[in-house]
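Reading the structure
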Amino acid sequence: MARTVVITGADSGIGKATAALAEARGWQPIRADLNEGDVKADLATSQGRAAFVDGVTALVGERLDAVIACAGVALPTLLTLKVNYFGAIATFQGLRPLLTKGTSPRAVGISSFASIMQTDSELVEACLFGDEVATLRIAEGNEPAVYYASSKAAFARWMRRQAITADWAGAGILLNGIAPGIIETPMTKPMLDDEARRAQLEQEVPMPIGRHGRPEEVAELLLGLASPANSMMVGQILFIDGGAEATVRGDTLW
């Protein structure tokens with residue numbers, strides 16, 4: 001039986017590449033996105049998140065083998081927090097009951113190298129507390145420039161916290177995340193096309209391999225973590241950034 005995997009954000013960038021690679025390997029990808037795909041839903045709203053879970057359930061029945069949460073935005077608006085954190089959490093929590101009945105179930109989320117950049121600690125803690133309304137209220141009083149990094153830092157911490165619990169590892173569901181550096185996608189294109197913004201970004205995310213990443217390279221790692229071959233990795237956030245994290249943090253491990 002083909003391995004069934006739900007991929008959010010599957011209409012572009014990393015999500016699209018991951019779905020294509022999954023299909024090429026004989027998996028059965030369920031593509032989910034805002035306007036295109038097998039399941040169309042808005043992960044920025046509670047109604048859309050419920051519709052997403054209902055749509056997936058209608059397609060796969062009672063069991064699911066893997067979920068890869070790729071949906072995300074990088075805008076100086078509250079939408080970034082709604083999608084990147086609360087939408088991603090709802091994706092995992094909503095599909096977890098289906099994963100418990102899957103074969104070698106796996107869950108993988110996308111954080112970002114930005115998670116180790118400047119964040120707002122109050123905003124991150126508010127996300128982790130879980131009150132979306134209160135979090136957005138706090139965000140409105142903060143600098144929008146920290147929304148993206150804060151949402152990704154909170155998501156990474158949530159994955160690490162939850163991965164080792166009875167609901168996830170205890171239920172046989174291996175949960176991990178990745179943290180990409182600069183990847184050439186439709187989301188990053190406006191920044192990379194602007195010479196000044198590109199130079200600033202490359203200074204903040206120094207990649208000693210001398211180039212940006214491609215979605216297909218990230219897709220390989222995502223599918224590896226979502227496959228039965230990953231039988232021991234739990235609660236890890238793997239940086240796929242061309243050496244940026246090692247450059248910035250040096251040899252510090254903790």
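Data block above holds the structure.
Quick look at the structure, then. Source: prediction; values computed, not measured. (Residues numbered from 1 in each chain as written. Predicted model: local features only at pLDDT ≥ 70, side-chain atom pairs only at ≥ 80, totals over all residues. Heavy atoms only, no water.)

1. Some thoughts on the overall build of the chain
Check the secondary structure of the chain and you find ten helices and seven strands. Expected size for 254 residues packed as a compact globule is a radius of gyration near 18 Å; at 17 Å, the chain falls within 12% of this value. Residues counted as buried form 49% of the 254 residues belonging to the chain. Of all intrachain contacts in the chain linking residues separated by at least 6 positions in sequence, the fraction that spans at least 24 positions is 76%. Per element, the accessible surface of the chain, about 11700 Å² overall, is 53% carbon and sulfur. The averaged location of the 29 negative side-chain charges in the chain is 5 Å from the averaged location of its 22 positive side-chain charges. (Helix = DSSP H or I, 4+ residues; strand = E, 2+ residues; numbered from the N terminus. Rg over C-alpha atoms; globule rule 2.2 N^0.38 Å. Buried < 20%, exposed > 50% of the residue type's maximum accessible area, 1.4 Å probe, protein only. Contact = heavy atoms within 4.5 Å. Areas by Shrake-Rupley, 256 points an atom, 1.4 Å probe, with all protein chains shown as cover. Lys, Arg positive; Asp, Glu negative; His and termini not counted. Charge placed at Lys NZ, Arg CZ, Asp CG, Glu CD.)

2. Considerations on unusual backbone geometry
Although it is not a glycine, Ser104 adopts a positive phi angle of roughly 45°. Among the secondary structure elements, Ser104 is positioned in the loop between helix 3 (79-99) and strand 5 (106-110). Judged by relative accessible area, which is 28%, Ser104 ranks as partly exposed.

3. Here we look at the environment of Met117
By secondary structure assignment, the location of Met117 is in the loop between strand 5 and helix 4 (121-129). Sequence-wise, Met117 and Glu204 are 87 residues apart; in three dimensions their C-alpha atoms are separated by 8.3 Å.

4. Describing the nonpolar core
Residues Phe52, Tyr85, Phe92 and Trp158 are the most contacted members of the largest nonpolar core, which totals 45 residues. When contributions to this core are tallied by element, the ones reaching two or more residues are strand 2 (28-33), helix 2 (46-60), strand 4 (66-69), helix 3, helix 4, helix 5 (132-140), helix 6 (147-163) and strand 6 (174-180). For this core, the element with the most residues is helix 3, which contributes nine residues. Apart from residues lying up to four places away in sequence, Tyr85 is in contact with Thr80, Cys127, Leu128, Ser151, Ala154, Phe155 and Trp158. Counting residues in each nonpolar core, the second largest holds 22 residues, with Val5, Ala17, Ala66 and Val218 among its members. (Core = buried A, V, L, I, M, F, W, Y, C linked by side-chain atoms within 4.5 Å.)

5. Let's talk about helix 6
Helix length check: helix 6 (17 residues) gives 24 Å between terminal C-alpha atoms against 24 Å at 1.5 Å per residue, within 8%. Most of helix 6 is tucked away: twelve of the 17 residues are buried. Next to the buried residues of helix 6 lie helix 3, strand 5, helix 4, helix 5, strand 6 and strand 7 (237-240). (Expected span 1.5 Å × (residues − 1).)

6. Things to note about the packing of helix 3 against helix 5
Contact pair helix 3 / helix 5: the axes reach a minimum separation of 11 Å and the direction vectors enclose 140°. It follows from the interaxial angle that helix 3 and helix 5 lie oblique. Handedness of the helix 3/helix 5 crossing: right-handed. Residues Leu81, Lys82 and Phe86 of helix 3 pack against Glu132, Thr135, Leu136 and Ala139 of helix 5. Within the contact of helix 3 with helix 5, the residues separate by chemical class into four nonpolar, one polar and two charged. (Axes fitted to C-alpha atoms, helices over the stretch in contact; angles between N-to-C directions. Parallel < 35°, antiparallel > 145°, perpendicular 65-115°, else oblique. Left-handed = near helix turned anticlockwise from the far one by under 90°. Nonpolar A, V, L, I, M, F, W, Y, C, P; charged D, E, K, R; others polar.)

7. Digging into the side chain of Asp120
Among the secondary structure elements, Asp120 is positioned in the loop between strand 5 and helix 4. An unpaired buried charge is present at Asp120: no salt bridge exists, and Arg157, the closest side chain of opposite charge, is 10 Å distant. If we skip the residues at most four places from it in the chain, Asp120 touches Asn142, Val146 and Ser150. (Salt bridge = Lys/Arg side-chain N within 4 Å of Asp/Glu carboxyl O.)

8. Quick word on the sheet that holds strand 1 (residues 4-8)
With parallel pairing, the seven strands of this open sheet are ordered in space as 3-2-1-4-5-6-7. Both edges of this open sheet fall to strand 3 (39-40) and strand 7, since each of them pairs with a single strand only. Across four bridges, strand 6 lies against strand 7 in parallel orientation. Looking at the pairing, Gly177 lines up with Ile237 of strand 7. Helix 3 contacts strand 1, strand 4, strand 5 and strand 6 of the sheet and is inclined by roughly 170° relative to strand 4. (Pairing = 2+ DSSP bridges.)

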